[in-house]
Amino acid sequence: MKKIRLKDPNIIKCPRCGQKSYKTTERCPECDLIFSRLQFASNKAAKRQLLSFNKDFIINTNQLPSDVKRWKIMLYSILLGLIGGHYYYVGKYTKGILMTLGFAYLVVCTILNPILAGVMEQYLLYFPIGIYGIAWLISIVYVFTKKFKVPILIDMDKLEEDKNLKKAEFDRTKEELVEENKILKQEKDSKQKQNKKISKEKTKKETK
Ligand SMILES: [Zn+2]
């Protein structure tokens, strides 16, 4: 087998599973993602779907779609990063909310410090703030080293608008996406089951 080099311009990295393959390849050899569909990848569509608590078809990738600007992520991570601005911008709402809560805690602790200091130790008070600060710094490192992942979704509306795509092809793509998602879900479930089994066996052994 031929070894694949990292910096070869003909090599692409699958945004879903990270497998490297040649640009001419139609599908990812590892997870079967069809690469031509990535031109319809959209962060807006992903955000819309994530807001309705649906993670189906969402791919988290550091290969940015056209509707996300890296300079904006950079700017938000620094200027609004402490309240999770860069997370909200790309639709990572859970992390965004955690950062906002961290900021709220920081503000409350600062205001109430004279009162709280009498009740509890200072280091206990500031320990969560330390973790929160480190989380922010790490996210900035991720942003500037291009490792920051963004949720994307193959936008079916855009796909439908594509004039080169015939109706039959569109229907097939849709069916394929549904099928792919089913398989991915099954794989996830079976993995979770396996993990549960392993942890159960572990606890069994430990109790013995
Ligand atoms: Zn893949």
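Residues numbered from 1 in each chain as written. Predicted model: local features only at pLDDT ≥ 70, side-chain atom pairs only at ≥ 80, totals over all residues.

### Overview of the overall build of the protein chain
Reasoning step 1: Tallying secondary structure elements over the protein chain gives seven helices and five strands in all.
Reasoning step 2: In the protein chain, the order of α-helices and β-strands from amino to carboxyl end is β-β-β-α-β-α-α-α-α-β-α-α.
Reasoning step 3: In terms of overall size, the protein chain is more extended than a compact globule, its C-alpha atoms giving a radius of gyration of 22 Å where 208 residues would be expected to give roughly 17 Å.
Reasoning step 4: Seen along its three principal axes, the alpha-carbon backbone of the protein chain occupies a region of about 70 × 55 × 40 Å.
Reasoning step 5: By residue count, 16% of the 208 residues in the protein chain fall in the buried class. (Helix = DSSP H or I, 4+ residues; strand = E, 2+ residues; numbered from the N terminus. Rg over C-alpha atoms; globule rule 2.2 N^0.38 Å. Buried ≥ 20, exposed ≤ 12 C-beta atoms within 10 Å, placed from the backbone.)

### Description of the pairing of strand β5 (residues 150-154)
Reasoning step 1: Of all five residues in β5, five are buried, a share of seventy percent or more.
Reasoning step 2: Here three bridges tie strand β4 (residues 59-61) to β5, and the two strands are oriented antiparallel to one another. Bridge pairing in β5 places Asn60 opposite Pro151. (Pairing = 2+ DSSP bridges.)

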